[in-house]
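Next come the chains, spelled out residue by residue.
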Amino acid sequence: MFDYHVHTSFSNDCKMPVEEIIKRGISLGIQEIAFTDHVELNVWRPGDLVMDDMFDADVYIKKMQEIQTKYKNQISIKIGVEMGLQLEEKDRINQLICQYPFDFVIGSSHTIDGHDLYYGKLFHEKSKEEAYERYFSEVIKIVEAMECYSVYGHLDLVRRYALKSYANVELEDVDKDMIQWILKTIIEKGKGIEVNTSGYRYGLGGTNPSEEILQLYKKLGGEVITVGSDAHRLEHIGFRIKETYELLKEIGFKYITVFDQREPKFIKLP
Ligand SMILES: [Zn+2]
Ligand SMILES: [Zn+2]
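Let me sum up the structure you'll find in this document. (Residues numbered from 1 in each chain as written. Chains lettered and ligands numbered in written order. Predicted model: local features only at pLDDT ≥ 70, side-chain atom pairs only at ≥ 80, totals over all residues. Heavy atoms only, no water.)

## Examining the pairing of strand β1 (residues 2-6)
Okay, so step 1: β1 sits mainly inside the fold: five of its five residues count as buried.
Okay, so step 2: As defined by bridge partners, β1 adjoins strand β2 (residues 32-45) across three bridges and the pair is classed as parallel. Bridge pairing links V6 to F35 in β2. (Buried < 20%, exposed > 50% of the residue type's maximum accessible area, 1.4 Å probe, protein only. Helix = DSSP H or I, 4+ residues; strand = E, 2+ residues; numbered from the N terminus. Pairing = 2+ DSSP bridges.)

Here you go:
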């Protein structure tokens with residue numbers, strides 16, 4: 001099992017010490033963990049602060065390299081990052097990615113106009129259709145303009161936060177055309193997507209993106225796909241990953257993807 005989306009205490013919204021995660025991963029029989037702590041540049045946070053929300057990258061890399069060596073006979077560790085993708089920050093994001101030896105970069109759309117979806121501003125006085133249109137049109141601009149990531153994180157994340165505002169968070173027909181365009185662009189550029197299992201924990205009853213989007217990705221010829229728990233707590237590590245491998249096989253995928261120094265490698269699904 002490979003858990004390709006795990007946060008640590010280097011993320012502001014997570015308290016898990018790195019070594020606790022490693023020990024838990026080993027006890028669960030996980031072969032490889034990719035640590036993907038948050039970087040979100042120029043983002044609004046409560047208290048009306050606009051800030052770069054990120055770890056000290058030098059300290060992060062050094063700590064992860066130490067851990068890699070210490071546990072190398074027990075578990076494989078990849079050094080990754082979950083980079084909040086924002087067009088206005090394109091240059092700084094590229095610079096950060098080039099500057100540090102990340103094995104793997106999840107590119108995620110957590111913010112619209114510098115506001116984190118978490119705080120719900122996107123949904124104020126908007127219908128679901130309007131909010132989704134705004135979200136996915138931003139993702140379209142990002143996938144057309146940016147190439148700094150390995151896989152696009154939880155592609156339909158907007159559904160997670162829409163749960164508080166709307167009774168039905170399913171995608172409508174119009175969203176699916178946008179999603180198709182996004183997936184085609186990702187595939188053409190040789191990038192991939194992740195399957196994030198946290199949707200089960202957030203009450204979506206499935207993964208992000210949804211099974212329907214995964215089927216579409218397969219149909220369009222998508223091959224690069226990672227699976228991660230988006231763990232922020234110890235009990236999340238490895239969560240529903242085996243079941244998701246089964247789901248991917250049912251859809252027709254034969255491989256999942258892992259990364260080493262940003263290069264994809266394909267692992268046959270068990
Ligand atoms: Zn995320
Ligand atoms: Zn995450």
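## Concerning helix α1 (residues 18-27)
Okay, so step 1: By the burial criterion, the buried members of α1 are V18, I21, I22 and G25. Down the axis of α1, the buried set is contained in an arc of 100°. They therefore lie on one face.
Okay, so step 2: Where the residues of α1 are buried, they touch β1, β2, α2 (57-70) and β4 (76-84).
Okay, so step 3: Taken from the residues just after α1, G29 is the one with a positive phi, measuring 80°. (Arc of directions from axis to C-beta. Contact = heavy atoms within 4.5 Å.)

## Regarding the nonpolar core
Okay, so step 1: By size, the foremost hydrophobic cluster in this structure holds 89 residues, and its most contacted members are F35, Y60, F102, Y135, F136, Y152 and L248.
Okay, so step 2: Counting residues per element, this core draws most heavily on helix α4 (residues 128-145), at eight residues.
Okay, so step 3: If sequence neighbours within four positions are ignored, F35 has contacts with V6, T8, V18, I21, I22, Y60, M64, I77, K78, I79, G80 and V81. (Core = buried A, V, L, I, M, F, W, Y, C linked by side-chain atoms within 4.5 Å.)

## Focus: the coordination of the zinc ion (ligand 1)
Okay, so step 1: All of the protein donors around the zinc ion (ligand 1) are E82 (OE), H110 (NE2) and H154 (NE2); their distances to the metal are 2.1 to 2.2 Å.
Okay, so step 2: Motif for the zinc ion (ligand 1), donor spacing along one chain: E-x27-H-x43-H.
Okay, so step 3: In this structure, the zinc ion (ligand 1) lies 3.4 Å away from the zinc ion (ligand 2), the two metals sharing E82 as a donor. Taken together, the residues E82 in strand β4 and H110 in the loop between β5 (104-108) and β6 (111-112) connect sequence positions 28 residues apart. (Donors = N, O, S within 2.8 Å, 3.2 Å for Na, K, Ca; no water.)

The analysis is restricted to geometry; functional conclusions fall outside its scope.
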